[in-house]
Amino acid sequence: MYTIEEQIARFGRIERLSGGRWIRLVGDDPQLVAQVEEETGIPLPAAGTLAFAADGEVTHLALGTVEHDHLSYSETRIAIAVGAETVVTVEPLRGCAPLDLAVTRMERDGRDDDRPVEIAASILQAIADTTDELVSSLSDGTEHMMTQTSAILRSLETKKAREFGVSDVTTTQQELADMEELLSHCMEHQLVLAEAARHLRGHLRGRDGEGRTDLGRLIEDIEAIEPHIDFVHDRVRLLQQTNNLALNVKQNQIIKVFSVVTAVFLPVMLLSTYYSMNFEYMPILSWDLAEPAIIVLSFVFAMLPLIYVRRRGWLR
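Residues numbered from 1 in each chain as written. Predicted model: local features only at pLDDT ≥ 70, side-chain atom pairs only at ≥ 80, totals over all residues. Heavy atoms only, no water.

Attention now goes to the overall build of the chain. When its secondary structure is counted, the chain shows six helices and seven strands. If you list the helices and strands of the chain from N to C, you get β-β-β-α-β-β-β-β-α-α-α-α-α. In the chain, buried positions account for 40% of the 316 residues. For the chain, restricting intrachain contacts to residue pairs at least 6 apart in sequence, the fraction spanning at least 24 positions comes to 64%. Summed over all atoms, the accessible surface of the chain reaches about 18100 Å², with 56% contributed by carbon and sulfur. (Helix = DSSP H or I, 4+ residues; strand = E, 2+ residues; numbered from the N terminus. Buried < 20%, exposed > 50% of the residue type's maximum accessible area, 1.4 Å probe, protein only. Contact = heavy atoms within 4.5 Å. Areas by Shrake-Rupley, 256 points an atom, 1.4 Å probe, with all protein chains shown as cover.)

Dropping the structure here:
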């Protein structure tokens, strides 16, 4: 059966899986790193670098992945060393969800006799599937964003609806910006993952080491996720542009209202300014109907610009 032998240290632990052909080093305890290197004869690279190298029978792969934990996201670096008899993975102390997924799948399928290249391919496939699942969840999140954006656009034409403000758009734009950053990281790691799979296939080409693993199809599966990321990224950019457009339209509407109000009261202000001047003789001041006449004139002068603006359609 598929067994796990676990050895725990102060700053990490060693898990021996699949009869010892997969050594999973969790954490960066120097004592455990030295122990694994002495046991396998494989020099272990740090998990924080992205690089590919081939040293004789050993292929070194350094990968990254974005993991989703409830409402938070984290970026995880993984180092993989594929030898002739053993696969060694190095991961952060908190663990790595794609490697857990690979363990679960191999245990479910009873693949305790997998060879190192098959174990490595299972790890790469699990990383790709985890990224695809994350992108799918982000795509579902854009549906909520589209609903908010549609409500904002409808409020531009509905007079009786509650008008949205800058804070409504700012919250959505911040969520979209975070989502765009996550998608950028996903695309970066996916490109590195495809390059790692090609590097592994190139190192094994001409050798009887692939077994049941079809690395060509694995590369196709990894590359097939990239258009999905591009699609969700384009949708996010479209939502950002739509929200910016709605905000610009809203600002233009506010400026338009102030402009109309200024135009309506400008003649009244002209009359009040004129008749507030301290001259010895002013027209119609001695007239008994001067006050109501000024009121009527003010009303007429105020309504004429308003009628003109309304007929021009500037209030729509």
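Let us now look at the packing of helix 5 (residues 215–275) against helix 6 (residues 290–311). Relative orientation of the contacting elements helix 5 and helix 6 amounts to 155 degrees, with a least axis distance of 8 Å. Between helix 5 and helix 6, the crossing angle belongs to the class labelled roughly antiparallel. Helix-helix and strand crossings are classified by hand; for helix 5 and helix 6 the assignment is right-handed. The segment helix 5 lies against helix 6, with V260, A263, V264, P267, V268, L271 and Y275 engaging I294, L297, S298, F301, A302, P305, L306 and V309. Split into classes, the residues belonging to the contact of helix 5 with helix 6 amount to 14 nonpolar, one polar and no charged. (Axes fitted to C-alpha atoms, helices over the stretch in contact; angles between N-to-C directions. Parallel < 35°, antiparallel > 145°, perpendicular 65-115°, else oblique. Left-handed = near helix turned anticlockwise from the far one by under 90°. Nonpolar A, V, L, I, M, F, W, Y, C, P; charged D, E, K, R; others polar.)

As a further point, take the pairing of strand 3 (residues 22–27). Judged by how many residues are buried, strand 3 sits mostly within the fold: six of six residues are covered. In this sheet, strand 3 lies alongside strand 2 (residues 12–17) in antiparallel orientation, the contact comprising six bridges. The partner of L17 across the bridge, within strand 3, is W22. Pairing of strand 3 with strand 7 (residues 87–91), which is carried by five bridges, proceeds in the parallel orientation. Looking at strand 7, one finds that R24 is bridged to T89. (Pairing = 2+ DSSP bridges.)

Another aspect to go through is the pattern of salt bridges. Oppositely charged side chains can form a pair if their charged atoms are brought close together. Going through the model one piece at a time under the given rule, you end up with 11 salt bridges. We note a salt bridge from R16 to E39, for which the minimum N-O separation is 2.7 Å. You can see R16 sitting in strand 2 and its partner E39 sitting in helix 1 (residues 30–40), a full 23 residues away along the chain. R237 is paired through a salt bridge with E180; the nearest N and O atoms lie 3.4 Å apart. With R237 in helix 5 and E180 in helix 4 (residues 166–204), this residue pair connects regions lying 57 residues apart in the sequence. The class of R237 is partly exposed, set by a relative accessible area of 35%. For E180, a relative accessible area of 18% gives the class buried. One network of salt bridges, with partners in common, ties together R13, E15, R24, E91 and D100. (Salt bridge = Lys/Arg side-chain N within 4 Å of Asp/Glu carboxyl O.)

Turning to the pairing of strand 6 (residues 72–82), a few remarks are in order. Both strand 6 and strand 7 contribute to a ladder of four bridges, which runs antiparallel. Looking across to strand 7, one finds that A79 is bridged to V90. Taking the residues that link successive antiparallel strands as the turn, the strand 6-strand 7 hairpin has four residues.

Once that is clear, we can look at the nonpolar core. Within soluble globular proteins, side chains that are nonpolar generally end up buried alongside one another. Counting residues in hydrophobic clusters, the biggest one holds 49 residues, and the most contacted among them are W22, L63, I80, I123, L124, L183 and L200. At the level of secondary structure, the elements contributing two or more residues to this core comprise strand 5 (58–69), strand 6, helix 2 (97–108), helix 3 (116–157), helix 4 and helix 5. In this structure, L32, I42, V58 and V90 belong to the second largest nonpolar core, which totals 13 residues. (Core = buried A, V, L, I, M, F, W, Y, C linked by side-chain atoms within 4.5 Å.)

Our next topic: helix 1. If you check which residues of helix 1 are buried, you get L32, V33 and V36. Taken around the axis of helix 1, the buried residues stretch over an arc of 105 degrees, which confines them to a single face. Exposed and oriented more than 90 degrees from the buried face of helix 1 are P30, Q31 and E38. (Arc of directions from axis to C-beta.)

Right, let's talk about a nonpolar patch on the surface for a bit. Together, V296, L297, F299, V300, F301 and L304 make up an exposed nonpolar region whose accessible area comes to about 530 Å². Secondary-structure assignment places F301 in helix 6. (Patch = residues over 30% accessible without salt bridge, like charges linked within 9 Å, V, L, I, M, F, W, Y side chains within 5 Å.)

The next point concerns unusual backbone geometry. Despite not being glycine, S18 has its phi angle at roughly 50 degrees, a positive value. Position of S18 relative to the elements: it lies in the loop between strand 2 and strand 3. Judged by relative accessible area, which is 0%, S18 ranks as buried.

Mapping R24 onto the fold places it in strand 3. Here C96 takes part through its backbone oxygen, which lies 3.4 Å from a polar atom of the side chain of R24. Beyond its immediate sequence surroundings of up to four residues, R24 is in contact with R13, I14, E15, L17, T89, E91, C96, L99, D100 and V103. (Polar contact = N/O pair within 3.5 Å; in protein donor to acceptor, adjacent residues only side chain to side chain.)

Put simply, the chain has an average pLDDT of 79, and 84% of its residues get 70 or more. Below a pLDDT of 50 lies the segment residues 1–9, which in the model reaches 29 contacts outside its immediate sequence neighbourhood of four places, other chains included. (pLDDT = per-residue confidence, 0-100.)

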